[in-house]
Amino acid sequence: MEFDKIDVPDEGEPIEVIDEEADEFEVPETPIIPILHGDGIGTDVGPAAQQVLEAAANATGRDIAWMRVYAGETAREMYDENLPDDTVNAIEEFRVAIKGPLTTPVGAGFRSLNVALRQKLDFYANVRPTYHLDGVPSPVSEPEQMDMVTFRENTEDVYAGIEWEEGTDEVEQVREFVEDEMGFDETIHSGPVGIGVKPITEYGSKRLIRRAIDYALEHDRDSVTLVHKGNIMKFTEGQFRDWGYEVAREEYGDEVITEDTLWEERDGQQPDDAVVVNDRIADNMLQQVLTRTDEYDVLATMNLNGDYISDACGAQIGGLGIAPGANFGDARCLAEPVHGSAPKYAGQDKVNPTAMILSGVLMFDYMGWGDAAQLVKDAVEETISSKQVTYDLERQIEGGDKLATSEFAEAVVENIEQLA
């Protein structure tokens, strides 16, 4: 594939896909990996993460051929557009990539570039593991109880972008259809209105839930919880729940058992080798992650619920500055931190790069580089537990040593070299 304004590294090889549907591929010793530093603080956390991940690759006998790609502000400067084909094509071609945060304007302006990338490349599963690192201050008394992985459907729900602005001919056409043709003539208040559509499909729901169940089985997790608001939105969120149970009952045999069957047939006694699939109402789940934290393992949610709940989980382990994430499709991964671009801190070399570094851990795991992934995680935890931290954590830790973003990355690299 040819690129307009970016060059493929001279060294390194692309990841070879063996079977896309089965998510099988072969990773060379020096893979070409696109990296997008991002907007705002991406200029700081991007290079820091790149330095740490490269050090871990080298410490385990490998290397990375980085390929800089662009979106958002840097792309506007280079291409005069927010999301150039070069970037989309590079991620599609090389299969595994990592990106920093991108700014999305509120109200007016362009739509989310994060959402656009997920939809263009069918990254249908946004995966956000939430676990506590030793030494990180937390607002809860037992943060170590939090060890959940949220699987968030990435392409549907209200994030699909099917909406119409108030005052336009299009929104009035939709209002007229809803009121006159569909009979909801007393539902929408008079005056200006914005209208959106919330698609939830069987296809999108089931492939996301399968991925969550497969993860639970592969990682020896006890349960998968379908999170929804199906008591109110019965034909969208309620259907997500029902389709989830269909997958569990029809596709996994004895490997998976549903919560109702568990109690009806086994008096609540879970088989040692089976994953239990249950469901919870979304607002109750926000309470449960606080009050019954250790009872949950893997969450499978629609797009909006997953955004809310994963952020709430992140607060319990110290905030979004340390919350990693990644997007997965068929034989494809785009790692990214959960946090935003925080433009007021851009270029100050002060923010915490841990979330992007740990997003690289997810990327390494996906590539089969488990030793490098564990090395990064251990080195980050060692750095933080020794009180070498950025300003956000230092102000909460007595006797903390405040480091700049770049200094924190260097400290993590030193610990990688010592632990390797």
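How each quantity is defined
Residues numbered from 1 in each chain as written. Predicted model: local features only at pLDDT ≥ 70, side-chain atom pairs only at ≥ 80, totals over all residues. Heavy atoms only, no water. Domains from an automatic or database assignment. Phe/Tyr/Trp six-rings, centres within 6.5 Å; stacked < 30°, edge-to-face > 60°. Helix = DSSP H or I, 4+ residues; strand = E, 2+ residues; numbered from the N terminus. Buried < 20%, exposed > 50% of the residue type's maximum accessible area, 1.4 Å probe, protein only. Lys NZ or Arg CZ within 6 Å of the ring centre and 35° of its normal. Contact = heavy atoms within 4.5 Å. Polar contact = N/O pair within 3.5 Å; in protein donor to acceptor, adjacent residues only side chain to side chain. UniProt positions renumbered as here; feature names shortened; annotations may be inferred. Pairing = 2+ DSSP bridges. Axes fitted to C-alpha atoms, helices over the stretch in contact; angles between N-to-C directions. Parallel < 35°, antiparallel > 145°, perpendicular 65-115°, else oblique. Left-handed = near helix turned anticlockwise from the far one by under 90°. Nonpolar A, V, L, I, M, F, W, Y, C, P; charged D, E, K, R; others polar. 1 Å grid on protein atoms, 1.4 Å probe; cavity = no way out; pocket = protein on both sides within 12 Å on 5 of 7 lines; lining within 4 Å. Points joined across faces, edges and corners; volume = space filled by probe spheres on them.

Caption draft 1: Looking closely at the domain arrangement of the chain. Domain annotation of the chain identifies domain 1 (1-137 + 319-419), domain 2 (138-152 + 199-317) and domain 3 (163-196). A separation of 41 Å is found between the C-alpha centroids of domain 1 and domain 3.

Caption draft 2: Structural view of the packing of aromatic side chains. Under the defined criterion, the tally for this structure stands at six aromatic pairs. Measuring from centroid to centroid gives 5.1 Å for F328 and Y366, while their planes differ by 50°, and the two rings are tilted. Pair noted here: F328 is in strand β14 (residues 326-329) and Y366 is in helix α11 (residues 354-367), with a separation of 38 residues, a long-range link. Residue classification places F328 among the buried residues on the basis of a relative accessible area of 8%. On the accessibility criterion, Y366 (15% relative accessible area) is buried. Feature note: the residues F25, F328 and Y366 constitute an aromatic cluster, connected by ring pairs. Sitting above the plane of the Y159 ring, R152 keeps its charged end 5.0 Å from the centroid. The positively charged end of K350 is found above the aromatic ring belonging to Y391, 4.3 Å away from the centroid.

Caption draft 3: Local environment of the environment of Q316. In this structure, Q316 sits in helix α10 (residues 303-316). Through-space distance from the C-alpha of Q316 to that of P143 is 6.1 Å; in sequence the pair is 173 residues apart. In this structure Q316 touches S138, P139, V140, P143, M146, V289, L290 and T293, once residues within four positions along its chain are discounted. Within the structure, Q316 has its side chain in polar contact with the backbone oxygen of V289 (distance 3.2 Å).

Caption draft 4: Up close: the UniProt feature "binding site: D-threo-isocitrate" (unreviewed entry) in the chain. Feature annotation in UniProt assigns "binding site: D-threo-isocitrate" (unreviewed entry) to the following positions: S112, N114, R118, R128 and R152. Within the secondary structure, S112 sits in the loop between β5 (96-99) and α4 (113-120). On the basis of relative accessible area, S112 is assigned to the buried category, the value being 18%. Here V115 takes part through its backbone nitrogen, which lies 3.1 Å from a polar atom of the side chain of S112.

Caption draft 5: The arrangement of the UniProt feature "modified residue: Phosphoserine" (unreviewed entry) in the chain in detail. UniProt's feature table lists "modified residue: Phosphoserine" (unreviewed entry) at S112, given in the numbering used throughout. A distance of 3.2 Å separates a polar atom in the side chain of S112 from the backbone nitrogen of N114.

Caption draft 6: Examining the sheet that holds β5 more closely. Strand order in the open sheet formed by eleven strands is β4-β3-β5-β15-β14-β6-β7-β13-β10-β12-β11, with mixed pairing between adjacent strands. At either end of the open sheet lies a strand with only one pairing partner, and these are β4 (65-68) and β11 (256-258). Between one strand axis and the next, the sheet turns through 25° on average, direction left out of account. Sheet topology places β14 next to strand β15 (residues 332-335); four bridges connect them, and they run antiparallel. Of the residues in β15, the one forming a bridge with G329 is R332.

Caption draft 7: Just the packing of helix α9 (residues 282-291) against α10, in detail. Contact geometry of α9 with α10 gives a least axis separation of 10 Å together with a crossing angle of 15°. For the element pair α9 / α10, the angle class is roughly parallel. The crossing of α9 and α10 is right-handed. On α10, the residues that touch A282, M285, L286, V289 and L290 of α9 are N305, Y308, I309, A312, C313 and Q316. Taken together, the residues that form the contact of α9 with α10 break down as nine nonpolar, two polar and no charged.

Caption draft 8: Quick look at the layout of surface pockets. Estimates place the volume of the largest pocket at around 1000 Å³. For the largest pocket, the lining is made up of 33 residues, of which F151, R211, Y215, E218 and H219 are closest to its centre. Of all the secondary structure elements, the ones that give two or more residues to the lining of the largest pocket are β6 (125-131), β7 (147-153), α6 (202-218), α11 and α12 (370-385). Looking at the lining of the largest pocket, the element that brings in the most residues is α6, giving seven residues. Tallied by class, the residues present in the lining of the largest pocket amount to 17 nonpolar, three polar and 13 charged.

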